Amino acid sequence: MRFTRTLALAALGAAVGLTGLVGPAAAQNEQFIPALVYRTGPYAPNGAPFANGFVDYINMINERDGGVNGVKLVVEECETGYATDRGVECFDRLKGKGPTGAAFIHPLSTGITFALIEKAPTDKIPVMSVGYGRSEAADGRIFPWVFPLLGTYWSAADILVHHLANTLGGYDKLKGKKITLVFHDSPYGKEPIPILQELAKRHGYVFEALPVTAPGVEQKATWLQIRQGRPDYVFLWGWGVMNSTSIKEAAAVNFPRNRMYGVWWSGAEPDVVPAEAGANGYNSLALHATGTSYGVVRDVLKHLYDKGKGAAKREEVGQVLYNRGLVSVALGIEGIRVAQERFGKKPLTGEQVRWGIENLNLTPERINQMGFEGLLAPLKVSCLDHEGGSRARIQQWDGKGWKFISDWITADDKLLRPFVETAAAKYAQEKSIAARDCSKPG
Amino acid sequence: MLYREAGQFKTSYAADQAVFPILQDRLALALVLVVAFFAVPLLSTDYLLTSILIPFLILSLAAIGLNILVGYCGQISLGTGGLMAVGAYAAYNFAIRVPGLDLLVCFVLAGLTAAAVGMFFGVPSLRIKGFYLAVATLAAQFFLDWSFSRIRWFTNYTPSGSLAAPPLEILGFRITTPSGRYLLTLAIVVVMAALAKNLTRGRIGRSWMAIRDMDIAAEIIGIRPLQAKLSAFAVSSFFVGVAGALWAFVHLGSWEPAAFDINRSFSLLFMVIIGGLGSILGCFLGAGFILVVPLVLNQLPTAFGIPLSTAMISNLENMIFGSLIIFFLITEPRGLARLWAIAKEKLRLWPFPH
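Values in this document were obtained by computation on a predicted structure and should not be read as measured data.

Attention now moves to the overall build of chain A. Across its full length, chain A carries 15 helices and 14 strands. In summary, chain A has a C-alpha radius of gyration of 22 Å against a globular reference of 22 Å for 442 residues, a match within 12%. Overall size of chain A, expressed as C-alpha extent along the three principal axes, is 65 × 65 × 50 Å. The buried share among the 442 residues of chain A stands at 60%. Here the contacts in chain A between residues at least 6 apart in sequence split such that 71% fall between residues at least 24 apart. Carbon and sulfur atoms form 53% of the exposed surface of chain A, whose accessible area is close to 16,300 Å². Once the 50 positive and 45 negative side-chain charges of chain A are each reduced to a mean point, those two points are 1 Å apart.

In structure tokens form, the structure reads like this:
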């Protein structure tokens, strides 16, 4: 009898499982936006604020404007835990929801981005990897569906070296200096290496790259090497718990924190706060500004948090990754707005939204209207350039908050473009893809 | 009642030795195959095909490979993820370095490469057993992981170390649709599962089981441990290697070494243990359990409209899934396949149990 009961339970489980696969029906005048998030697992401290900013911006647009030109935005989260296979599953689960399917997808992990780049052309959903992902995807002729907006890791590497040259007083002063890259041992961490190597050849600095195995809580050996090698500068390409561990280890081996520079994913509050005073003077790249003194953040506070509808805690609003979530999804929604001007003010397909993102032109006036003044630099996307021009500032942690210590630095397109085109051409050849002709209107 | 065998007479040795001696089993299997080959591609959604059925089939194949080693030959291994990676990277390198090679040939070559690597790492099994062997195979896992992220030739010098599979072209056809990829996987898995089932029933399989049950006794009755153990490692690695190639080419399309990390080895070992050691059916049941149950648990609250935060759902998923594993292992330590076998026994006697 005990066995029969087990079997009955199993059958019940299977039946319940099958109903779970059938989703509820969707209403009509809605634009669906999937959100791949990670609120659990080793990267949760960084994933959660991003996800909150992402969702809050969408809800704020609905509350303040009633959607985009009357089309209500609907968002659904799916937990990936930063795992590539779960991310792909989430994408497949969410891509067809809403009356027109997903408008765009933010994969939020380099591994998932790489996997979705392969799926985007068949599913016809634009992949927006804002400030991460595959660097050569900036070539929109080979990667029509991928938008590494704001900046790729190759741009980030170039901007960091540019900043060092600025502070030293010229590129010739870099000669003989030693730069060590401490990187997350994954495609994410490896992306900047070719550019840093190339720049080392041009400007004569010594370059060394030290991998840290994910998730990065064990770095004693790495920092022992740094203590012995005595580099002049350390670049940090970490994510999640790896960042705070690196800063703590730097403090332990007494490597000056003001000569450490993180990428924009290594410069948020969860990275520096655990290291306490040890983090003072640590620098990182910043794609956008922090804080709540911007129009859009004030709107979020007014329309959501004053009514108790916010996703985060009120004091977390305005943090680096929270604002990154706001900015990232805002770029996609702006793409929807552009596409609506051409295709009509109704729910759009991923294909139509792709056109909108490709024709995105954020002028300073438009940025003011959106309430992003001072938060974001202008950007213009085109068929050739899917990055939209890469600009970033350097920020420094002073124990309480981030302060900018440089003005906007623009990545050197003349240096990077040949790299992008060579790598994209190699990809096109491996996958036998023909490049798009950008002179034709698309 | 369903399994009443009255009237089924076995009049020849061949009938007595058949893979499925009971008529109902043969009918059920034929029905499953017909549904899987014809009804499923026509009726199911892309989500079901790409996110559930394709990974389920590929992981079942890998579990069959591991089960040959662990369940049939008794050699415990924690290097399955690494061997899947060998299959994936070998298939990639054959595909891009040898122009015009058909992908099916690439998959077979990938399996053979994995078999060679698996045999190499199986050599310590001639001297060590049990936990010690597990640790030795764990070393294989880490070594393979390390080489695929460090030796840049394997990844064709891509800057990030992440690879994209070349387009799926089999016998001149380019496969792009989910149902096409599903049918390709299904065909390969069915052929290889039939192969495994027959291998384990024959002379080689019996020598593996003899080694598993008591190696000294097996040696005394004339089974050579060297050949038996190494052939188990080779065959097992072949299956795992093909599964790895399929995982990379058909399922992911783009991958990095993390896709084949130690967690993959563990989850495959769990599939084999929960599904049932020494059972081909168990591999499918185990793979289904480990892969599908978390996905279902993750979607249940949303489907029923229960407002829970994403983090809460995800934590609940882990908790419930963990308790289910414990529950099943306590109810039947010999796995889901054994549960099915018990059910079959009871059904054969029903309604007159004794």
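Before going further, it helps to spend a moment on the packing of aromatic side chains. On inspection of all chains with the given rule, the structure shows 33 aromatic pairs over all chains. Consider the rings of tyrosine 89 of chain B and tryptophan 255 of chain B, whose centres lie 5.9 Å apart with planes at 75 degrees: the pair is edge-to-face. Of this pair, tyrosine 89 of chain B sits in helix α4 (residues 80–97) while tryptophan 255 of chain B sits in strand β4 (residues 254–255); the two residues are 166 residues apart in sequence, bridging distant segments of the chain. Grouping aromatic residues by their ring pairs yields a cluster made of Tyr89, Tyr92, Phe107, Phe148, Trp153, Phe154, Phe249 and Trp255 of chain B. The cationic tip of arginine 342 of chain A hangs over the ring face of tryptophan 355 of chain A; the distance from NZ or CZ to the ring centre is 4.5 Å. The ring of tryptophan 145 of chain A carries arginine 354 of chain A above its face, with NZ or CZ at 5.6 Å from the centroid.

Let's shift gears to the interface of chain A and chain B. If you look at the interface, chain A gives 40 residues, while chain B gives 45 residues. Counting the surface lost from both chain A and chain B, the interface buries some 3,700 Å², and carbon and sulfur atoms represent 58% of this. Counting across the chain A and chain B interface gives three salt bridges. In this structure, aspartate 185 of chain A engages arginine 150 of chain B in a salt bridge whose closest nitrogen and oxygen atoms are separated by 2.6 Å.

Time to look at the confidence of the model for chain B. A residue-level look at chain B finds 100% of positions with pLDDT of 70 or above and a mean pLDDT of 92. This prediction of the complex comes with two scores: 0.88 for pTM and 0.85 for ipTM.

Residues and elements named next belong to chain A. In a regular helix each residue adds 1.5 Å, so 16 residues correspond to 22 Å; helix α5 (residues 153–168) covers 23 Å between its end C-alpha atoms and thus fits that length. In terms of residue burial, α5 counts as a mostly covered element, since twelve of its 16 residues are buried. Inspection of α5 places Tyr153, Trp154, Ser155, Ala156, Ala157, Asp158, Ile159, Leu160, Val161, His163, Leu164 and Ala165 among the buried residues, and these make up the whole buried set. Of the residues one or two after α5, glycine 169 is the one with positive phi, at around 95 degrees.

Quick look at unusual backbone geometry now. Residue and element names in this part refer to chain A. Even without being glycine, leucine 150 reaches a positive phi, approximately 70 degrees. Within the secondary structure layout, leucine 150 lies in the loop between β4 (146–147) and α5. Judged by relative accessible area, leucine 150 falls into the buried class, the value being 7%. If you check the backbone angles, asparagine 254 has positive phi at about 65 degrees while not being a glycine.

A word on the pairing of strand β2 (residues 72–79) of chain A. Residue and element names in this part refer to chain A. Pairing geometry for strand β1 (residues 30–37) and β2, over eight bridges, is parallel. In the strand pairing of β2, isoleucine 33 is matched with valine 75. Once you follow β1 into helix α2 (residues 44–65) and on to β2, the crossover reads as right-handed.

Residue and element names in this part refer to chain A. Under the criterion given, the structure shown has two disulfides over all chains. The disulfide that involves cysteine 78 links it to cysteine 90, with 2.0 Å between the sulfurs. Judged by the torsion about the S-S bond (-70 degrees), the cysteine 78/cysteine 90 disulfide is left-handed. Placement of cysteine 78 in strand β2 and of cysteine 90 in helix α3 (residues 84–94) is noted, with a sequence separation of twelve residues between them. The side chain of cysteine 383 participates in a disulfide bridge whose partner is cysteine 438; the two sulfur atoms lie 1.9 Å from each other. Its torsion about the S-S bond being -70 degrees, the disulfide of cysteine 383 and cysteine 438 is classed as left-handed.

All names here are of chain B. Considering the arrangement of structural elements, one finds aspartate 102 in the loop between α4 and α5 (103–122). Despite its burial, aspartate 102 pairs with no opposite charge, the nearest such side chain being arginine 174 at 11 Å. In this structure aspartate 102 touches Glu169, Ile170, Leu171 and Gly172, once residues within four positions along its chain are discounted.

What follows covers the packing of helix α7 (residues 178–201) of chain B against helix α10 (residues 225–252) of chain B. Residues and elements named next belong to chain B. The N-to-C vectors of α7 and α10 enclose an angle of 175 degrees; their axes lie 11 Å apart at closest approach. As judged from the angle between their axes, α7 and α10 are roughly antiparallel. Contacts between α7 and α10 involve Arg181, Leu184, Thr185, Ile188, Met192, Leu195, Ala196 and Leu199 from the first element and Val235, Phe238, Phe239, Val242, Leu246, Val250 and His251 from the second. Of the residues contributing to the contact of α7 with α10, the split by class is twelve nonpolar, two polar and one charged.

Now for the confidence of the model for chain A. When pLDDT is averaged across chain A, the result is 89; 93% of the residues are at 70 or more. Looking across chain A, the model is least confident in helix α1 (residues 2–20) of chain A, with a mean pLDDT of 47, and most confident in strand β7 (residues 233–237) of chain A, with 96.

Next up on the list: helix α6 (residues 130–150) of chain B. If you check α6 of chain B, its first and last C-alpha atoms are 30 Å apart, about what 21 residues at 1.5 Å a residue would give, namely 30 Å. Within the sequence span of α6 of chain B, burial applies to Leu133, Ala134, Thr137, Ala140, Gln141, Leu144, Ser147, Phe148 and Ser149 of chain B. Contacts from the buried residues of α6 of chain B go to α6 (187–190) of chain A together with α4, α5 and α11 (262–275) of chain B.

Below, the discussion takes up the nonpolar core. With 119 residues, the main nonpolar core has Tyr57, Trp237, Trp265, Leu331 and Phe372 of chain A as its most contacted residues. A total of twelve residues in this core trace back to one element, the largest contributor, which is helix α12 (residues 320–343) of chain A. The residues contacting phenylalanine 372 of chain A, other than those within four sequence positions of it, are Tyr57, Val296, Leu326, Val327, Ala330 and Ile367 of chain A. Counting residues in each nonpolar core, the second largest holds 95 residues, with Leu53, Ile64, Ile68 and Leu186 of chain B among its members.

As a further point, take empty space enclosed by the protein. On inspection of all chains with the given rule, the structure shows five cavities of 30 Å³ or more. A volume near 100 Å³ is recorded for the largest cavity. Taken together, Tyr38, Tyr82, Leu108, Ser109, Thr110, Tyr132, Tyr153, Tyr188, Trp239 and Trp265 of chain A make up the full set of residues lining the largest cavity. For the lining of the largest cavity, the residue count by class is eight nonpolar, two polar and no charged. There is about 80 Å³ of room inside the second largest cavity. Taken together, Leu69, Ser77, Gly79, Leu83, Gly118, Phe121, Thr137, Ala140, Leu144, Phe233, Ser236 and Ser237 of chain B form the lining of the second largest cavity. Of all elements in the fold, only α5, α6 and α10 of chain B reach the threshold of two or more residues within the lining of the second largest cavity. Of the residues that constitute the lining of the second largest cavity, the class distribution is six nonpolar, six polar and no charged.

One pass over the structure, following the stated rule, counts 36 salt bridges over all chains. Glutamate 332 of chain B is paired through a salt bridge with arginine 334 of chain B; the nearest N and O atoms lie 3.8 Å apart. Look at the salt bridges and you will find they share partners, linking Arg86, Glu89 and Arg93 of chain A together with Glu317 of chain B into a network.

Cut-off values and rules
- Residues numbered from 1 in each chain as written.
- Chains lettered and ligands numbered in written order.
- Predicted model: local features only at pLDDT ≥ 70, side-chain atom pairs only at ≥ 80, totals over all residues.
- Heavy atoms only, no water.
- Helix = DSSP H or I, 4+ residues; strand = E, 2+ residues; numbered from the N terminus.
- Rg over C-alpha atoms; globule rule 2.2 N^0.38 Å.
- Buried < 20%, exposed > 50% of the residue type's maximum accessible area, 1.4 Å probe, protein only.
- Contact = heavy atoms within 4.5 Å.
- Areas by Shrake-Rupley, 256 points an atom, 1.4 Å probe, with all protein chains shown as cover.
- Lys, Arg positive; Asp, Glu negative; His and termini not counted.
- Charge placed at Lys NZ, Arg CZ, Asp CG, Glu CD.
- Phe/Tyr/Trp six-rings, centres within 6.5 Å; stacked < 30°, edge-to-face > 60°.
- Lys NZ or Arg CZ within 6 Å of the ring centre and 35° of its normal.
- Buried area = accessible area lost by both parts, 1.4 Å probe.
- Salt bridge = Lys/Arg side-chain N within 4 Å of Asp/Glu carboxyl O.
- pLDDT = per-residue confidence, 0-100.
- Expected span 1.5 Å × (residues − 1).
- Pairing = 2+ DSSP bridges.
- Right-handed = clockwise from strand over helix to strand, strands pointing away.
- Disulfide = S-S within 2.5 Å.
- Axes fitted to C-alpha atoms, helices over the stretch in contact; angles between N-to-C directions.
- Parallel < 35°, antiparallel > 145°, perpendicular 65-115°, else oblique.
- Nonpolar A, V, L, I, M, F, W, Y, C, P; charged D, E, K, R; others polar.
- Core = buried A, V, L, I, M, F, W, Y, C linked by side-chain atoms within 4.5 Å.
- 1 Å grid on protein atoms, 1.4 Å probe; cavity = no way out; pocket = protein on both sides within 12 Å on 5 of 7 lines; lining within 4 Å.
- Points joined across faces, edges and corners; volume = space filled by probe spheres on them.

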